[in-house]
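Breakdown of the fold
Here is how the chains run, residue by residue.
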Amino acid sequence: MAFSTFAELLEAARDHGSLAAAALAREALESDQPEDGLRARMAASLDVMREAVRTGLAGGLRSRSGLVGGDARLLAESDSGPVGGVFTRAMAGALAIAEVNATMGRIVAAPTGGAAGVLPAVLLTLAEDRGLPDERVVDALFAAAAIGAVIAARTDLSGAAAGCQAEIGAAAAMAAGAGTELLGGSAEQAGHAASLALQGLMGLVCDPVGGLVEVPCVARNGTATAVALAAIEMAGAGVTFPIPFDEVADALAHVGRALPSSLRETAQGGLAVTRAARELTGG
Amino acid sequence: MGAPRSLFDILGPVMIGPSSSHTAGAVRLGLLARAIFGRQPEGVKIVMHGSFASTGTGHGTDLALVAGLLGMRPDDPELVQSLERARREGMSIEIVNGDLGDVHPNSVLLHLRVGDSELSVQGASTGGGEVLVTRIGEFEAQASGSMPLLVVTNTDSPGEIAAVTRLISESGANIAEMRVARTRKGAEALMLIETDTLLADDALQAIAGLPGVLVVRAVPPV
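Residues numbered from 1 in each chain as written. Chains lettered and ligands numbered in written order. Predicted model: local features only at pLDDT ≥ 70, side-chain atom pairs only at ≥ 80, totals over all residues.

Looking only at helices and strands, chain A has 13 helices and one strand in total. In chain A, the order of α-helices and β-strands from amino to carboxyl end is α-α-α-α-α-β-α-α-α-α-α-α-α-α. The C-alpha radius of gyration of chain A comes to 18 Å, within 12% of the 19 Å expected for a compact globule of 283 residues. Each principal axis of the C-alpha atoms in chain A carries an extent, and together these give about 55 × 40 × 40 Å. When the 283 residues of chain A are sorted by exposure, 59% land in the buried category. (Helix = DSSP H or I, 4+ residues; strand = E, 2+ residues; numbered from the N terminus. Rg over C-alpha atoms; globule rule 2.2 N^0.38 Å. Buried ≥ 20, exposed ≤ 12 C-beta atoms within 10 Å, placed from the backbone.)

What follows is the structure, encoded as structure tokens:
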């Protein structure tokens, strides 16, 4: 089993030096496989992630419904926004993967298909910006997965079970924690970053227009990337969140159970039942 | 729920989009049903429940289930053409929506048929590509498809379980989890045995040769 609480993960990180090292050591122990084999497998996933970013940014994608496609390229080519830089490049990468996913292309669920853009976009953009090697990104992916596992110990990571917060919220928390450690932050800071990201997306409902993983899912990969970067920015500056990550994750699970079925991937509430949504999907 | 077995269950699977639960999980349920049935079905009736019924088409759940029943993997780019391939391979498919009762919202019932031989397998896609087989034929089940699984049906009589587990331990495989179920005393019974490593062929043959054992299926992890 992976660590089921962040407290245990943090404790192990004190022995191993980082969340990433603790997560990898635990995985090696539980799966009875050598660490280098596990790293190679994760590196192969990283290749799929990078390829999906490239495919999405190349443009020309259009989902079968016609609702999404082409936004990643728009963002990547834009220089008119107020922020730019890492922020804009990361969001473009997230939209790219989300568009590839929506058009039935190949991605790595992170932790789900609908939320697959956030984590790779944050880590790949930060690594590229700082000139960090792939091995460091692979490490960060193990840290991210361990953070996701802590949430998964409390609720299924699916919109149907607990709303979008359990998909895109989990993705942002994973990206924020792993991204913080990738930039040299401590394991404690990574925990604060994960909490900061998760609190910012708590309560988010799953309300897919027409039941498709398109609207708002693709755009949410962009906005959740912004939340993850905000959390990394805050945690890196020394901002702490007073509720420990385990309790933030508990709260998310409670909120998920409290969400009515109409807001859990049934396309019977939220944006899915707006007039525009009905017109778009002919419903 | 509960802590995931592997971090690769969280970061993964590598899959064809758009949905880990409604697409990748659906492929895995199809693959598991096919392996439990033991061959490619000629006829399939798919009953979609809950969120699978209301949003399945938009997520390609129908394409994904059929892809799995054809033996395709969740990251096979040809998955989008699974219905055409089923037609080419002579697999007839009927898809309906239905109410399977108080079960997980992403549930599906798969009726598989080859000639007179039929089996229904029910399962749920619980998120992030993870799945649970919840019913095999008349029996309640619980199998995640993440470990090698042995499915044994036998006549319910004393000593059957001991005989099967002895052959497994003699083959050197370690049992991780085991469940037994029966319809009623003395009738048919089902053993679901998850092992850490795949069972060797000679061990499978020895189990199949035990008196009282009706069917043995080795289901590789999907």
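Between chain B and chain A, the contact holds 37 residues from the first and 46 residues from the second. Those elements giving two or more residues to the side of chain B that touches chain A turn out to be strand S1 (14-16), helix H1 (20-37), helix H2 (50-55) and strand S5 (117-127) of chain B. Take the side of chain B that touches chain A: its biggest share by element is four residues, from H1(B). Counted by class, the side of chain B that touches chain A contains 16 nonpolar, 19 polar and two charged residues. As judged from the three bridges shared by strand S1 (residues 106-108) of chain A and S1(B), these two strands associate in the antiparallel manner. The residue bridging A:Ile107 from the neighbouring strand is B:Met15, located in S1(B). (Contact = placed C-beta atoms within 7 Å. Nonpolar A, V, L, I, M, F, W, Y, C, P; charged D, E, K, R; others polar. Pairing = 2+ DSSP bridges.)

A separate point is the pairing of S5(B). All names here are of chain B. Relative to S5, strand S4 (residues 107-114) runs antiparallel, the two being bridged by eight bridges. Across the sheet, residue Leu110 finds its bridge partner in S5, namely Val121. Connecting the antiparallel pair S4 and S5 is a turn made up of two residues, with Gly115 showing a positive phi of about 55 degrees. Inspection of the sheet shows S5 paired to strand S6 (residues 130-136) by six bridges, in the antiparallel sense. Residue pairing for S6: Ala124 is matched across the bridge by Leu132. In textbook terms, the turn of a hairpin is the stretch between consecutive antiparallel strands, and for S5 and S6 this stretch comprises two residues, one of which, Gly128, has a positive phi near 65 degrees.

Residue and element names in this part refer to chain B. What the four strands build is an open sheet, ordered S9-S10-S8-S11; its pairing is antiparallel. Looking at which strands have only one partner, the edges of the open sheet turn out to be strand S9 (175-182) and strand S11 (213-219). Adjacent strand axes in the sheet meet at a mean angle of 15 degrees, parallel and antiparallel pairs treated alike. When S9 meets strand S10 (residues 188-195), the two strands line up antiparallel, connected through seven bridges. Within S10, the position partnered with Arg179 by the bridge is Leu192. The strands touched by helix H6 (residues 201-208) are strand S8 (149-155) and S11; relative to S11, the strand with the most contacts, the crossing angle is about 160 degrees. (Axes fitted to C-alpha atoms, helices over the stretch in contact; angles between N-to-C directions.)

Working note: α-helix, 3.6 residues per turn, so residues spaced by three or four point in the same direction. Residues and elements named next belong to chain B. Within the sequence span of H6, burial applies to Ala203, Ala206 and Ile207. Buried residues along H6 cover an arc of 100 degrees about the axis, so they all sit on one side. Summarising the geometry of H6, the exposed residues directed more than 90 degrees from the buried face are Asp201, Asp202 and Gln205. (Arc of directions from axis to C-beta.)

This part is about the sheet that holds strand S2 (residues 43-48) of chain B. Residues and elements named next belong to chain B. Here we have six strands laid out as an open sheet, ordered S3-S2-S4-S5-S6-S7, and mixed in their pairing. Sheet topology places strand S3 (92-97) and strand S7 (139-143) at the edges, where each strand pairs with a single neighbour. Looking at each pair of strands side by side, their axes are set apart by 20 degrees on average, direction ignored. The strands touched by H1 are S4, S5 and S6; relative to S5, the strand with the most contacts, the crossing angle is about 150 degrees.

With that out of the way, let us pick up unusual backbone geometry. With an omega dihedral of 5 degrees, the bond running from B:Gly12 to B:Pro13 counts as a cis peptide bond. The topology assignment puts B:Pro13 in the segment before S1. Here the residue pair B:Gly17 and B:Pro18 is connected by a cis peptide bond, since its omega of 10 degrees sits within 30 degrees of zero. You can see B:Pro18 is positioned in the loop between S1 and H1. Residues other than glycine seldom take positive phi values, yet A:Met104 does so here, at roughly 55 degrees. Exposure remark for A:Met104: the 23 C-beta atoms within 10 Å place this residue in the buried category. The phi torsion at A:Ala267 lies on the positive side, around 60 degrees, for a residue other than glycine. Residue position: A:Ala267 is located in the loop between helix H12 (245-258) and helix H13 (275-281).

Turning next to the pairing of S8(B). Residue and element names in this part refer to chain B. By the criterion of burial, S8 is predominantly enclosed, with five of the seven residues buried. For S8 and S10, the ladder comprises seven bridges, and the chain directions are antiparallel. Along S10, the bridge assignment pairs Thr155 with Glu188. Across six bridges, the pairing between S8 and S11 is antiparallel. By the bridge assignment for S11, Leu150 is matched with Ala218.

All names here are of chain B. Under the domain assignment used here, chain B contains domain 1 (14-137) and domain 2 (149-219). Between the C-alpha centres of domain 1 and domain 2 the distance comes to 26 Å. The interface is formed by five residues belonging to domain 1 together with four residues belonging to domain 2. Residue composition of the side of domain 1 that touches domain 2, by class: four nonpolar, one polar and no charged. (Domains from an automatic or database assignment.)

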